[in-house]
Amino acid sequence: MEDSREVKKKVVIVIGGGVAGSVVAKTLQDNADVVLIDLKEYYEIPWASLRSSVEPSFAEKSVINHWDYLPNARIVTSAAVNITRNEVLTAQGCLIAYDYLVIATGHGGTDARTRTEKLSHYRTEHQKIKSANSILIVGGGPTGVELAGEISVDFPDKKVTLVHRGSRLLEFIGSKAARMALDWLASKNVEVILGQSVDLNSVSDGVYRISGGETVTADCHFDCTGKPMGSSWLRETDLKNSLDIRGRLMVDANLRVKGHENVFGIGDITDIPEIKQGYMAQKHAMVAAKNLKLLIVEGKESRLAKYKPAAPLAFVSLGRKEAVAQIFCMSISGHIPGMIKSKDLFVGKMRRQLGLKS
Ligand SMILES: Cc1cc2nc3c(=O)[nH]c(=O)nc-3n(C[C@H](O)[C@H](O)[C@H](O)COP(=O)(O)OP(=O)(O)OC[C@H]3O[C@@H](n4cnc5c(N)ncnc54)[C@H](O)[C@@H]3O)c2cc1C
């Protein structure tokens, strides 16, 4: 007689379908009953988003429905709002039990719930750029610099002004790399104003007031001041004591949340002492997936892999052919780093990693 008893798979809930969450869910979907909880129905390759504003068809490849790469996982489109020792509560009132939990809510927040809405958003952004003669970009981090690069290369006749509150661009990498980005933008006639902030509520007839008392005139603006970290919702949960004073999730060397043996924290949300990059978030995801497999399949604590914080490695694209890079303590700019990132913005590589055609 056939034994009809099935071995019940362990439930692994992954909260956050960004760079880290998508990789961990993809890697574990055949080893566990994986549930991905995300605010939106799709994964978007973040560093491709600015190209999508100047070339909306680019988003066809970089905005990917979760179910396309997770055929064997359950997908819940909602915000996670609470966590207890064995359950997650979503904003829609769904309680889902877990054996293991992975928190990867990075830099949360989204303006579009579905892929269709996101693609339409990029068509609107593109139209906004096309119909403007002058454009103000607020924020000189990677988003502001990359957007200024994309617009100045694809629309060289537009007047682009970038206003940044800090004393230099790209504060997350070295000052030499930042200087290279500034020089490149100047060579493309982008006006960069440093040490000033813009009051976006004070705009009147295309005149924007900046903190030094001067004004900038522009037909439209893009707010590139960055998204807040997606950890504030954890303050009301069982994990509230696992956040440091900056709101980062404190993890141990195995990437488990300190004091919680069955909860992992990965990606930008963690307190790992390194620059916050998708490249690192993917490495965290691989270590967490490896450790979860060990715990699920072998129940082995002793062989858990340790994550070693990585040295700085960052590429900021400058239009379609050039980039500036921080490689450990070395800064380079121009066509060589551009060849690595700027042509397809690692979209093919990321799609292959998710098991999709590049
Ligand atoms: C313009 C730009 C260019 C960049 N270029 C590079 C680059 O070239 N190379 C590189 O390595 N890195 C780059 N980065 C950095 C990289 O994008 C981040 O480090 C990476 O996205 C972090 O991944 P994550 O999974 O931790 O978080 P995210 O990718 O931010 O994902 C967080 C996910 O959590 C979800 N979420 C948030 N709150 C909740 C909730 N309560 N419930 C459910 N879901 C929730 C969100 O919907 C989102 O899907 C760039 C970033 C930007 C903005």
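Residues numbered from 1 in each chain as written. Predicted model: local features only at pLDDT ≥ 70, side-chain atom pairs only at ≥ 80, totals over all residues.

A. The arrangement of the overall build of the protein in detail. Secondary structure assignment for the protein yields 10 helices and 19 strands. The C-alpha radius of gyration of the protein comes to 22 Å, within 12% of the 21 Å expected for a compact globule of 358 residues. Summarising its shape, the C-alpha atoms of the protein cover approximately 80 × 40 × 40 Å along the three principal directions. When each of the 358 residues of the protein is scored for burial, the buried share is 43%. When contacts within the protein are restricted to residue pairs at least 6 apart in sequence, those whose partners lie at least 24 apart make up 61%. (Helix = DSSP H or I, 4+ residues; strand = E, 2+ residues; numbered from the N terminus. Rg over C-alpha atoms; globule rule 2.2 N^0.38 Å. Buried ≥ 20, exposed ≤ 12 C-beta atoms within 10 Å, placed from the backbone. Contact = placed C-beta atoms within 7 Å.)

B. Unusual backbone geometry, seen in detail. Phi at Leu-345 takes a positive value of approximately 55 degrees, unusual for a residue other than glycine. Within the fold, Leu-345 resides in the loop between α9 (335-341) and α10 (347-353). You can call Leu-345 buried: it has 25 C-beta atoms within 10 Å. In this structure, Phe-346 is a non-glycine residue whose phi angle is positive, near 60 degrees. Mapped onto the elements, Phe-346 comes out in the loop between α9 and α10.

C. Looking closely at the environment of Asp-252. Mapped onto the secondary structure, Asp-252 falls in the loop between β15 (220-223) and β16 (263-265). Residue Asp-252 is classed as partly exposed on the basis of its C-beta count, with 15 C-beta atoms lying within 10 Å. In this structure the C-alpha to C-alpha distance between Asp-252 and Ala-32, which are 220 residues apart in sequence, comes to 23 Å.

D. Looking closely at the sheet that holds strand β9 (residues 100-103). One open sheet accounts for 5 strands, arranged β5-β2-β1-β9-β16; its pairing is parallel. Each edge of the open sheet is held by one strand with a lone partner, namely β5 (74-77) and β16. Ignoring which end each strand starts from, the neighbouring axes of this sheet average 15 degrees apart. The sheet contact formed by strand β1 (residues 11-15) and β9 spans 4 bridges and is parallel. In the sheet register, Ile-15 faces β9, and the bridge partner there is Ile-103. (Pairing = 2+ DSSP bridges. Axes fitted to C-alpha atoms, helices over the stretch in contact; angles between N-to-C directions.)

E. Examining the nonpolar core more closely. Judged by nonpolar contacts, the single largest core of 47 residues is most densely connected at Val-12, Val-14, Val-24, Val-102, Ile-266 and Ala-288. Looking at this core, the elements that each hand over two or more residues are β1, α1 (19-28), β2 (33-38), β6 (80-83), β9, β16 and α8 (278-298). Looking at this core element by element, the count peaks at 8 residues for α8. Apart from the residues lying within four places of it in its own chain, the contact partners of Ala-288 are Val-24, Val-102, Leu-255, Phe-264 and Ile-266. Ile-137, Val-160, Ile-210 and Leu-318 belong to the second largest nonpolar core, which has 40 residues in total. (Core = buried A, V, L, I, M, F, W, Y, C linked by C-beta atoms within 7 Å.)

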